[in-house]
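Read off the chains here:
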Amino acid sequence: MRANTWAGRNKVKVRDVPDPKILNKRDAIVKITSTAICGSDLHLVDGYVPTMQDGDVMGHEFMGEVVEVGSGVPADKLRVGDRVVVPFPIACGACGACAAELYSCCENSNPNAGIAEKMFGHPVAGIFGYSHLTGGFAGGQAQYARVPFADVGPLKIESDLTDEQVLFLSDILPTGFMGADLCDIQPTDVVAVWGAGPVGQFAMDSARMLGAAKVIAIDKEPYRLQMAERAGHTPINFEEVDVRSRLLELTGGRGPDKCIDAVGMEASHGAAHIHAYDRVKQAVRSETERPHALRQAILSCRSGGIVSVIGVYGGFLDKFPAGAWMNRALTLRTGQCHVQRYMKPLLQRIERGEIDPTRVITHTLPLDEAERGFDIFKNKQDHCEKVVLKP
Amino acid sequence: MTRLAVREAADARQEEVQRRGRGLGWMSLGLGVAQLTVPDTVRRISGVDDSRASRAVVPLVGARELVHAAGLLTSRRKSAWTWTRVVGDAMDLTSLGMAIAHRRGRRRRRLLGVTGAVLGITVLDVLTAVQATRAREIGAAPAVGGARKGGPMELTATTTVRKPAREVYAFWRDLGNLPTFMAHLREVRATGDRTSHWSASAPFGTNVEWDAEIIDEATGEKITWRSTGNADVPNAGTVRFVPAPDGVSTEVHVVLTYDIPGGAVGKAVARYFGEEPHQQLDDDLRRLKQVLETGEVVRSEGAPWGKRARKEFPQRPAQPLSDAELAKGADA
Ligand SMILES: NC(=O)c1ccc[n+]([C@@H]2O[C@H](COP(=O)([O-])OP(=O)(O)OC[C@H]3O[C@@H](n4cnc5c(N)ncnc54)[C@H](O)[C@@H]3O)[C@@H](O)[C@H]2O)c1
Ligand SMILES: [Zn+2]
Ligand SMILES: [Zn+2]
């Protein structure tokens, strides 16, 4: 089959690879009809996440049709022919973490748990196409994928919604929603979201859906800010204005009640010297992250507020504003999304028309053009917001 | 000294090395950041602000210091990282020597001062590096050292399984189940109510087999066994099943002891357990949990061989296996 693979730093390559095969009894094989490129994929391609190998099949946002099931998948759970959306964290459904609905921390789904444990203190779940630290699972930017624990994760789509309407249930819609959910949103809340990428857009929509009084979008790409503005959110361009002063202005000097970091470890910084400092440190591998958005979110949040972090971090970061966090009674909440927890309720919201996930799609390309897709998404060319690939 | 006293002394020395290494790490960080962010000040203080080359060299030296800092602050292998500092010192002293030869007056005095400081630091670096290297030799994991020379090795590990204690106990008590999750076991066969015959697979040494008996057990709580007769590697184990506070799960606590012989078998066993013998048992228990909670050992394309994977790295790429690769199996 054809698959998009990691081919070294800053390089992806579509190549021919063997078709996936059942390896565990509870596996299913899915013929992929739609798949997408995610901001998380950029961290892999940019070389920020260790343990990638040449030839790793990428992609963790995909859906399609079940073409084969293992002997351990009960027929009432999943059958050949079912149309499914696959959540990106692989979860067993039976361990302590799964029982607590902390699916992205599943204790059983990562065959490389030993490595993850050394890096993070405790292991994390397996994830499709997302380095060997999270299991070394082949991903979904391909024609077919093997889906472990197929009786637990995949969500069956029985209505006639289009792929585009449901595809993002695999990751970015639940992730954006979780970003808002972790904020414990009150009707009086002003919520500021750093990052107007696809995840940020859905975090903004979710914050409003959960009743926030005002939602603010912070980014530097005018077209992404316009997209947020069209959806009813208030834009701030951090390259044009001082974010802190603008936020104070918009909140009567209080600061946003809730702040969401939907940027992660590759944030850019308005001030060149600070950016240079972080770049040098990244280049010499003495720091893996550039946490500008997180630093700014913590410093901006009103005292006693919540900072919700859904942007991805991989290792250690410095200049963490611990003083602001501690002395101003802030709450920090975070996690890889527990997608399985949110899929069903969000599908219902899509069916009821409360949220329109298609609004972020700007490009649809054949799988064979994945390289170009990565290029325009990463470099924000052609007003690219989200790329859907068709195998 | 007793084994324990030797170990404690080695630990203390190791701690001192770690502390000194961290100190040097912070110094590297400070220097590196200064050289990168205020290079001109650094150049002025050092007396090389008249040289164009120094404008390029100082930030480079700063970047190098950050590498040292990263290594010293994050790695426990201080010996290698302190030696890289010594190499850095030698480079600095060489450039300083060249710079002094070309300068007079105020700049020369400043350069001499800086050179004195660097010399002092070099002495400290060399001392720490020598000590770190020694501590590494002495402090090599006693389990492995013990294994190499022969002697007892004790491994402990624990996990929590979301199943009631009697179920986890029953699974373990059916000794034939042990090879499904213990990497080194090929087969365990019950030969009587309390006796059994065990065989270990190739990496453990060639064809190691032995008989064992259960010497103590309490249903649902504990099993203790030991090898009997003329075992190549006399061994014993205890597993306890303790209800977890959540009222649903069971904590599994395992202690294994191996009396490792000298000679070829001992060497093979030592090689098998490698640098981190505890990791083996941790992985065994991770698989026990997978088998009990999910039905089998979990496989990925990068790590497709379940318990037969001897090491987590290197792995094959996270890409589907070809039929040939799949047929060939773990040794492919
Ligand atoms: N927690 C999860 O489960 C999960 C799931 C999916 C994605 N993610 C993460 O969410 C983040 C966003 O994903 P995406 O697909 O939207 O990526 P993206 O790269 O398209 O979006 C990131 C946006 O942040 C903007 N940005 C950069 N620096 C900024 C700064 N200092 N302040 C404000 N905005 C800044 C960029 O211009 C860009 O528009 C990534 O880190 C991704 O890995 C997390
Ligand atoms: Zn994603
Ligand atoms: Zn689980």
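Residues numbered from 1 in each chain as written. Chains lettered and ligands numbered in written order. Predicted model: local features only at pLDDT ≥ 70, side-chain atom pairs only at ≥ 80, totals over all residues. Heavy atoms only, no water.

A look at the overall build of chain B
For chain B, the helix and strand inventory stands at 10 helices and 7 strands. With 332 residues in all, chain B has 46% of them scored as buried. Here the analysis covers contacts within chain B between residues at least 6 apart in sequence; of these, 56% occur between residues at least 24 apart. Summed over its atoms, the accessible surface of chain B is roughly 16700 Å², and 57% of this surface lies on carbon and sulfur atoms. (Helix = DSSP H or I, 4+ residues; strand = E, 2+ residues; numbered from the N terminus. Buried < 20%, exposed > 50% of the residue type's maximum accessible area, 1.4 Å probe, protein only. Contact = heavy atoms within 4.5 Å. Areas by Shrake-Rupley, 256 points an atom, 1.4 Å probe, with all protein chains shown as cover.)

Describing the coordination of the zinc ion (ligand 3)
All names here are of chain A. Protein-derived coordination of the zinc ion (ligand 3) comes from Cys92 (SG), Cys95 (SG), Cys98 (SG) and Cys106 (SG), at a distance range of 2.3 to 2.5 Å. Coordination at the zinc ion (ligand 3) is tetrahedral, judged from the 4 donor atoms that bind it and the angles of 103 to 116 degrees they form at the metal. Each donor residue of the zinc ion (ligand 3) belongs to the same chain, and together they define the spacing C-x2-C-x2-C-x7-C. Judged by its relative accessible area of 1%, Cys92 falls in the buried class. For Cys95, a relative accessible area of 0% gives the class buried. (Donors = N, O, S within 2.8 Å, 3.2 Å for Na, K, Ca; no water. Tetrahedral: all angles 85-135°; square planar, octahedral: opposite > 155°, others 65-115°.)

Quick word on unusual backbone geometry
Residue and element names in this part refer to chain A. Of note, Phe149 is a non-glycine position whose phi angle comes to about 45 degrees, a positive value. Counting through the fold element by element, Phe149 comes out in the loop between strand 8 (144-147) and strand 9 (155-156). For Asp184, which is not a glycine, the phi torsion comes out positive at approximately 55 degrees. Within the element layout of this structure, Asp184 appears in the loop between helix 5 (172-181) and strand 10 (190-194).

So, the site of ligand 1
Residue and element names in this part refer to chain A. Among the 31 residues in the neighbourhood of ligand 1, the closest are listed as Ser40, His43, Asp219, Ser268 and Cys337. Taking Val263, its main chain carries an N or O atom lying 2.9 Å from an oxygen atom of ligand 1. A distance of 3.1 Å is found between an oxygen atom of ligand 1 and a backbone nitrogen or oxygen belonging to Val312. Protein coverage of the free-state accessible area of ligand 1, which is 860 Å², stands at 96%. Breaking the shell around ligand 1 down by element, the ones donating at least two residues are helix 1 (39-45), helix 6 (198-209) and strand 11 (214-219). Here the element with the most residues in the shell around ligand 1 is helix 1; it accounts for 3 residues. Here the residues of the shell around ligand 1 are counted per class, giving 14 nonpolar, 11 polar and 6 charged. Formed jointly, the shell around ligand 1 draws a minimum of three residues from each of two domains, domain 1 (2-171 + 337-390) and domain 2 (173-334). (Near = heavy atom within 4 Å. Polar contact = N/O pair within 3.5 Å; in protein donor to acceptor, adjacent residues only side chain to side chain. Nonpolar A, V, L, I, M, F, W, Y, C, P; charged D, E, K, R; others polar. Domains from an automatic or database assignment.)

Details of the sheet that holds strand 14 (residues 306-309) of chain A
Residue and element names in this part refer to chain A. Spatially, the 6 strands line up as an open sheet ordered 12-11-10-13-14-15, and their pairing is parallel. In this open sheet, the two edge strands, each paired with only one partner strand, are strand 12 (234-237) and strand 15 (331-334). Each adjacent strand pair in this sheet contributes to an overall mean axis angle of 20 degrees, direction not counted. For strand 11 and strand 12, the ladder comprises 4 bridges, and the chain directions are parallel. In the sheet register, Ala217 faces strand 12, and the bridge partner there is Pro235. (Pairing = 2+ DSSP bridges. Axes fitted to C-alpha atoms, helices over the stretch in contact; angles between N-to-C directions.)

A look at the pairing of strand 2 (residues 12-16) of chain A
Residue and element names in this part refer to chain A. Inspection of the sheet shows strand 1 (residues 2-6) paired to strand 2 by 5 bridges, in the antiparallel sense. Within the sheet, the bridge partner assigned to Thr5 lies in strand 2 and is Lys13. Count of turn residues in the strand 1/strand 2 antiparallel hairpin: 5 residues, of which Gly8 carries a positive phi of about 105 degrees.

A look at the coordination of the zinc ion (ligand 2)
Residues and elements named next belong to chain A. Around the zinc ion (ligand 2), the donor atoms from the protein are Cys38 (SG), His60 (NE2), Glu61 (OE) and Asp171 (OD), and they sit 1.8 to 2.5 Å away. Coordination at the zinc ion (ligand 2) is irregular, judged from the 4 donor atoms that bind it and the angles of 83 to 136 degrees they form at the metal. Sequence spacing of the donor residues for the zinc ion (ligand 2), all on one chain, is C-x21-H-E-x109-D. In this pair, His60 is assigned in the loop between helix 1 and strand 4 (62-69) and Asp171 in the loop between helix 4 (163-166) and helix 5, connecting sequence segments 111 residues apart. Judged on exposure class, the residue His60 and its partner Asp171 are both buried.

So, helix 12 (residues 339-351) of chain A
Residues and elements named next belong to chain A. In this model, helix 12 (13 residues) spans 18 Å end to end at C-alpha, consistent with the 18 Å of a helix rising 1.5 Å per residue. The sharpest bend along helix 12 measures roughly 30 degrees and falls at Pro345. Looking only at helix 12, the buried set comprises Val339, Gln340, Tyr342, Met343, Leu346, Leu347, Arg349 and Ile350. Contacts from the buried residues of helix 12 go to strand 5 (83-86), strand 6 (89-90), strand 9, helix 4, helix 5 and helix 6. Phi turns positive one or two residues past the end of helix 12, at Gly353, with a value near 80 degrees. (Expected span 1.5 Å × (residues − 1). Bend = angle between axes of the 7 residues up to and from the residue.)

Some words on the interface of chain A and chain B
Contacts between the two partners involve 47 residues from chain A and, on the opposite side, 36 residues from chain B. It is Leu23, Asn24 and Asn108 of chain A in chain A that bury the most area against chain B; as a group they hold 17% of the surface buried on that side. Applying the counting rule to chain A against chain B returns 4 salt bridges. Lys21 of chain A is paired through a salt bridge with Asp323 of chain B; the nearest N and O atoms lie 3.8 Å apart. If you look at where chain A meets chain B, you find 24 residue pairs in polar contact (both at pLDDT 80 or more). Only helix 2 (96-99), helix 3 (113-120) and helix 9 (272-283) of chain A provide two or more residues apiece to the side of chain A that touches chain B. A per-element tally of the side of chain A that touches chain B places helix 3 of chain A first, with 5 residues. Broken down by class, the residue content of the side of chain A that touches chain B amounts to 20 nonpolar, 15 polar and 12 charged. (Buried area = accessible area lost by both parts, 1.4 Å probe. Salt bridge = Lys/Arg side-chain N within 4 Å of Asp/Glu carboxyl O.)

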